[in-house]
Amino acid sequence: MGLFSSKPDIKKGDMVYAWTSDAEIAKKAECGGAVTTLLKYALENKMVDAVLAVQRGTDIYDAVPTLITDPKKLAGSAGSLHCGTLLLSKMIKKYLGGAKNQKIALTVKGCDLMGILEIAKRNEINLANLFIIGVNCGGTVSPIMARKMITEKFGVDPDTVHKEEIDKGQFIIEYEGGHKGISIDELEEAGYGRRSNCRRCLYKVPRQADLACGNWGVIGDKAGKATFVEVCSDKGADWLSRAAKAGVLATEAPNPKGLEMRQKVEGAMLKLGEKWRKRDFAALSKDPWGVISKETSRCIKCYSCIENCPVCFKPVEEMAKKSYMVEPGQVPPNPMFHMRRFAHISDSCVNCGQCEELCPVEIRLALFSHAIRAEQDAVFAPKFGKPAYSN
Ligand code: FAD
Ligand code: SF4
Ligand code: SF4
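The rules behind the values
- Residues numbered from 1 in each chain as written.
- Chains lettered and ligands numbered in written order.
- Predicted model: local features only at pLDDT ≥ 70, side-chain atom pairs only at ≥ 80, totals over all residues.
- Heavy atoms only, no water.
- Helix = DSSP H or I, 4+ residues; strand = E, 2+ residues; numbered from the N terminus.
- Buried < 20%, exposed > 50% of the residue type's maximum accessible area, 1.4 Å probe, protein only.
- 1 Å grid on protein atoms, 1.4 Å probe; cavity = no way out; pocket = protein on both sides within 12 Å on 5 of 7 lines; lining within 4 Å.
- Points joined across faces, edges and corners; volume = space filled by probe spheres on them.
- Nonpolar A, V, L, I, M, F, W, Y, C, P; charged D, E, K, R; others polar.
- Axes fitted to C-alpha atoms, helices over the stretch in contact; angles between N-to-C directions.
- Parallel < 35°, antiparallel > 145°, perpendicular 65-115°, else oblique.
- Contact = heavy atoms within 4.5 Å.
- Near = heavy atom within 4 Å.
- Polar contact = N/O pair within 3.5 Å; in protein donor to acceptor, adjacent residues only side chain to side chain.

Caption draft 1: Seen up close, unusual backbone geometry. Put simply, valine 331 and proline 332 share a cis peptide bond, and its omega is -5 degrees. In this fold, proline 332 is placed in the loop between α12 (316–320) and α13 (336–345). Phi angles above zero are rare outside glycine, and asparagine 123 is one such case at about 60 degrees. Topologically, asparagine 123 is positioned in the loop between α4 (110–121) and β6 (130–135). On the accessibility criterion, asparagine 123 (58% relative accessible area) is exposed. If you check the backbone angles, glutamate 362 has positive phi at about 55 degrees while not being a glycine. Relative to the elements of secondary structure, glutamate 362 occurs in the loop between α14 (354–358) and α15 (365–384).

This is how it looks when you write it as structure tokens:
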């Protein structure tokens, strides 16, 4: 790891504090606005044709994926939406031609990135055309859960909340009349809090991106005002160098205590992820077949889990046809419908949670696929090493 302190010659492995010189971005940004500034710089300087960002829709619980081609519109996409539980990976394949004919810069959470990498392995996304900024992610809260939790645990009308954030282990809201924070542990023990797949996630700093950005490790006078940037690729180093040299971003070397703190927080989050894995998988292991067959018997065969899974490529129309194992039109479907699905996707399940999130009958599909994937990883890791990213 190198520590970068002067503007030129940023290289892979460097870490910096960075903040924007654009007043409009600074006002709306989550931290130092480095992410939005880098995206704007890439678009303005024709490094990319478009930016894929996530923007606030009708309220703070509504995260909308947005394709931006006018650099002036980028400031509108600044800020983090922790109740934005969407996944960008399959959108790149489905709606942006897999970035095969255009260059796209985008912000991703760890799960978005793992999905992108899985789709790229299947030659359906061209990674060379992507400029990827990963954001550290401690987890997301589903919009429905957020509203319920804010009403029942915070005693606040969710429609009066204008900002939410997850900081120092707390879920914090700002609303008309004040602000309130409750520890995530307390919320989760009471059955509220982050999505269950996020609790189990072990990919907190997305180091397979070109740049990994977050707020962990920013302390002292820069706390809340700078973005912590870890340079993860040569492409990322070049991008950050060019933006710094152009003067759109200011940078300085991180505070060494901040670095220590960042490592500690990441370690603590990983431990918490392990705790949830143990808890969720142990509960399932008592009677896996009983639990899975009981829950999947609620299936109404809407195909949403197939349509939205980033590692599933079987066209829904194909799945709907008669096969040797599954009769078309049968509801609930024969258990082979789900067994076949688990068999072909679980070895690359990235625990993004989309199948579970979008299942209309609330089957814990992500838990089942993730448990199978984790068990396979445990078998193969001693022989072939740990996977590049640990989902
Ligand atoms: P900005 O300039 O404000 O840009 C933010 C970017 O994030 C924009 O491009 C926007 O489109 C994008 N974005 C907003 N919401 C989403 C979403 N739901 N999914 C994908 N992209 C989105 N940092 C930590 O250090 N620790 C954490 O625990 C942590 N948890 C996070 C959880 C979530 C769900 C998100 C989205 C971010 C999290 N971050 C975390 C990152 C942090 O909040 C900032 O995004 C980061 O520090 C960059 O700050 P900035 O001011 O440079 O970003
Ligand atoms: Fe995501 Fe579910 Fe597919 Fe796993 S099976 S990658 S959790 S959608
Ligand atoms: Fe069945 Fe749920 Fe999948 Fe729809 S999303 S096919 S109801 S398991």
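Here the narrative resumes.
Caption draft 2: A look at empty space enclosed by the protein. Summed over the entire model, instances satisfying the criterion amount to three cavities of 30 Å³ or more. Computed from the structure, the largest cavity encloses a volume of approximately 120 Å³. Lining the largest cavity are 15 residues, and of these Gly110, Cys111, Cys137, Cys198 and Cys201 lie nearest its centre. Within the residue set of the lining of the largest cavity, elements represented by two or more residues are α4 and α7 (196–200). A total of three residues in the lining of the largest cavity trace back to one element, the largest contributor, which is α4. The residue inventory of the lining of the largest cavity, partitioned by class, reads seven nonpolar, five polar and three charged.

Caption draft 3: Examining the packing of helix α2 (residues 34–44) against helix α8 (residues 234–245) more closely. Taken N-terminus to C-terminus, the directions of α2 and α8 make an angle of 90 degrees; their axes are 10 Å apart at the nearest point. The angle between α2 and α8 falls in the class roughly perpendicular. For the pair formed by α2 and α8, the contact residues are Leu38, Leu39, Tyr41 and Ala42 on the first element and Trp239, Leu240, Arg242 and Ala243 on the second.

Caption draft 4: Representation of the site of ligand 1 in the model. Taken together, the neighbourhood of ligand 1 is formed by 29 residues, with Cys31, Thr36, Gly79, Ser80 and Asn215 sitting nearest. Between an oxygen atom of ligand 1 and a main-chain N or O atom of glycine 32, the distance comes to 3.3 Å. Take glycine 33: an N or O atom from its main chain is 2.8 Å from an oxygen atom of ligand 1. When contributions to the shell around ligand 1 are tallied by element, the ones reaching two or more residues are α2 and β3 (50–56). At four residues, α2 tops the list of elements feeding residues into the shell around ligand 1. Looking at the shell around ligand 1 residue by residue, the classes come out as 12 nonpolar, 15 polar and two charged.

It is worth stressing that arrangement in space is one thing and function is another; only the former is reported here.
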